[in-house]
Amino acid sequence: MRVIALAAMLAAAGAPLGTARADDAPGPLTWNDLLARLDDTPRVRQSLLATRAARDGIRAAGQVPNPSVGLRLGRGMPRDKTPAGLDWGVDATFELDWLATRGPRMREARASADIAAREAAGVRRNQGVRLARLFHEVAYYQQLGVLLSAAEEQAEALAQAVQRRIETGAARPTDSPPVAIDRARVRLGRERAESALRTAREALGTLLGWPTGKPLQVVLDTDLPPAPGPRDAIVARILDADPGLAADRAHARFLDARIRTERARRVPGLAVGAYFDRERDLDIAGALVQLQVPVWNWNTGAIRQARSEQAAQAVAMDAATREARVKAATAWERCTRGRTEAVRYARDILPDADNAASAAQRAFALGEASLIETLLAQRTLLDVRRDALAAEFQARTDCTVLDLMTGDDDGN
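(A) Examining empty space enclosed by the protein more closely. Summed over the entire model, instances satisfying the criterion amount to one cavity of 30 Å³ or more. The volume enclosed by the largest cavity comes to roughly 100 Å³. Lining the largest cavity are A151, Q154, A155, D182, V186, Q378, R379, L381, L382 and R385. Contributions of two or more residues to the lining of the largest cavity are made by helix 4 (98–168), helix 5 (176–208) and helix 9 (371–405). When residues of the lining of the largest cavity are assigned to their parent elements, the largest contribution, five residues, is made by helix 9. Taken together, the residues of the lining of the largest cavity sort by class into five nonpolar, two polar and three charged.

Below, the structure written as structure tokens:
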């Protein structure tokens, strides 16, 4: 299944960049829409084309070398009175040493293609993580803008109520500045959120090649992502699907094949051929054999170098595995903890803050609560709503990243 998906990705990479898509409508962008566009991003397409080039290298490694053809021309200059004349000869040589190295070189090329494919999967995943963060950032600032706009309207309504009470003598003029300050703070927060939203939209739209002039709106599922499975099982899945570790394993196979190739190069080079020489008084035809004699070295330097690289790669793979395990466990913990925090905000903290603010507003309307108490309740409610929104989107982001790390949306 992964091979079929990778083939589809490579086929998609062959399309020219910047081609128009039928679904380039200005409608809302869902997470599935973003995943469908992921293979069209330049970084991913470049890695897929590099994989295709590496696969072409397998064929190049298996090609048979062409024979060598030589032509000799000379003017004979005899010492006796024999007249001078033109002597010439031709020869053809076919090298045979490739027979010893062809198999190991093809194994090297296959391992190189596997490395490129795994690296392409890593690029795709990293790009997916980056787009996931931007996607949820856009969604967060969209909702934060709505929240702060509503809070600004509420602050404006409170300011008008206080002004009417001042005019009727039910409140003092000193009650107006705190309300105005609170309203200005909310307005600044809204403007800051709108600026951050523009920045995030521009970044996401640029990476996706979103059509210029078409508004980018994102849409989320109503529910939080489901809770991840048991920690050990998820960590094991992540390690199994990690493209970096898979690339390291492919690199180990490449180095093993390289050692075999360097060993094969110790075989004396052999070439066979035939020749024909025409001289003034006779024609000569025959066969030739050329043998490269390993006098000065037996390729021991290259073999030792490949073995040293193999030992270094084994240590690097062990370090990468440990780091990947830590990263996987951390991602699981962030998703799990984030979901718990978001649920507690939505179920416990936010309703309590909402009830407290509503009670303070009713008491203020009845003259049973001071303005400071009302402002404090509203500020607390706004802070809780912002914290709840941040917790929700942090959980959404972390759980989406965890889902990407398990390889479910890798595309290969």
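(B) The arrangement of the nonpolar core in detail. Residues L29, L34, L144, L204 and V218 are the most contacted members of the largest nonpolar core, which totals 53 residues. Of all elements in the fold, only helix 2 (31–37), helix 3 (42–62), helix 4, helix 5, helix 6 (231–241), helix 8 (300–365) and helix 9 reach the threshold of two or more residues within this core. Top contributing element to this core by residue count: helix 4, with 14 residues. Core analysis: the second largest hydrophobic core is formed by 11 residues, A377, L381, A388 and A391 among them.

(C) Inspection of the packing of aromatic side chains at higher detail. Here the structure, examined in full by the defined rule, presents four aromatic pairs. Plain terms: the ring middles of W88 and F276 are 5.7 Å apart, the flat faces sit at 50 degrees to each other, and that makes the pair tilted. With W88 in strand 2 (residues 85–95) and F276 in strand 3 (residues 270–278), this residue pair connects regions lying 188 residues apart in the sequence. The exposure class assigned to W88 is partly exposed, which follows from its relative accessible area of 30%. A relative accessible area of 26% places F276 in the partly exposed class. For the ring pair Y140 and Y141, a centre distance of 5.0 Å and an interplane angle of 65 degrees mean the geometry is edge-to-face. Taken together, the ring pairs connect Y140, Y141 and F393 into an aromatic cluster. Over the face of the ring belonging to F393 we find R396, whose NZ or CZ atom lies 6.0 Å from the ring centre.

(D) Just the pairing of strand 2, in detail. Pairing of strand 1 (residues 68–76) with strand 2 involves nine bridges; the strand directions are antiparallel. Of the residues in strand 2, the one forming a bridge with G76 is G85. Pairing of strand 2 with strand 3, which is carried by eight bridges, proceeds in the antiparallel orientation. Bridge pairing links T93 to G273 in strand 3.

(E) Local environment of the side chain of E152. Within the secondary structure, E152 sits in helix 4. Only 3.1 Å separates the side chain of E152 from the side chain of R187, close enough to count as a polar contact.

(F) Just unusual backbone geometry, in detail. Located in the positive-phi region is N299, a residue other than glycine, with phi close to 60 degrees. With respect to the helices and strands, N299 occurs in the loop between strand 4 (283–291) and helix 8.

(G) Spotlight on the layout of surface pockets. Space inside the largest pocket adds up to approximately 510 Å³. Considering the residues around the largest pocket, the lining is formed by 26 residues, among which W31, P225, P226, T400 and D403 are closest to the centre. Listing elements by their share of the lining of the largest pocket, those giving two or more residues are helix 2, helix 4, helix 6 and helix 9. The element that contributes the greatest number of residues to the lining of the largest pocket is helix 9, accounting for five residues. Its residues assigned to classes, the lining of the largest pocket comprises 13 nonpolar, six polar and seven charged. For the second largest pocket, the calculated volume is near 430 Å³. Along its surface, the second largest pocket is lined by 20 residues, and R125, N126, D242, K327 and M405 are the ones closest to its centre.

Rules behind the numbers
Residues numbered from 1 in each chain as written. Predicted model: local features only at pLDDT ≥ 70, side-chain atom pairs only at ≥ 80, totals over all residues. Heavy atoms only, no water. 1 Å grid on protein atoms, 1.4 Å probe; cavity = no way out; pocket = protein on both sides within 12 Å on 5 of 7 lines; lining within 4 Å. Points joined across faces, edges and corners; volume = space filled by probe spheres on them. Helix = DSSP H or I, 4+ residues; strand = E, 2+ residues; numbered from the N terminus. Nonpolar A, V, L, I, M, F, W, Y, C, P; charged D, E, K, R; others polar. Core = buried A, V, L, I, M, F, W, Y, C linked by side-chain atoms within 4.5 Å. Buried < 20%, exposed > 50% of the residue type's maximum accessible area, 1.4 Å probe, protein only. Phe/Tyr/Trp six-rings, centres within 6.5 Å; stacked < 30°, edge-to-face > 60°. Lys NZ or Arg CZ within 6 Å of the ring centre and 35° of its normal. Pairing = 2+ DSSP bridges. Polar contact = N/O pair within 3.5 Å; in protein donor to acceptor, adjacent residues only side chain to side chain.

That's the geometry; what it means functionally is another story.
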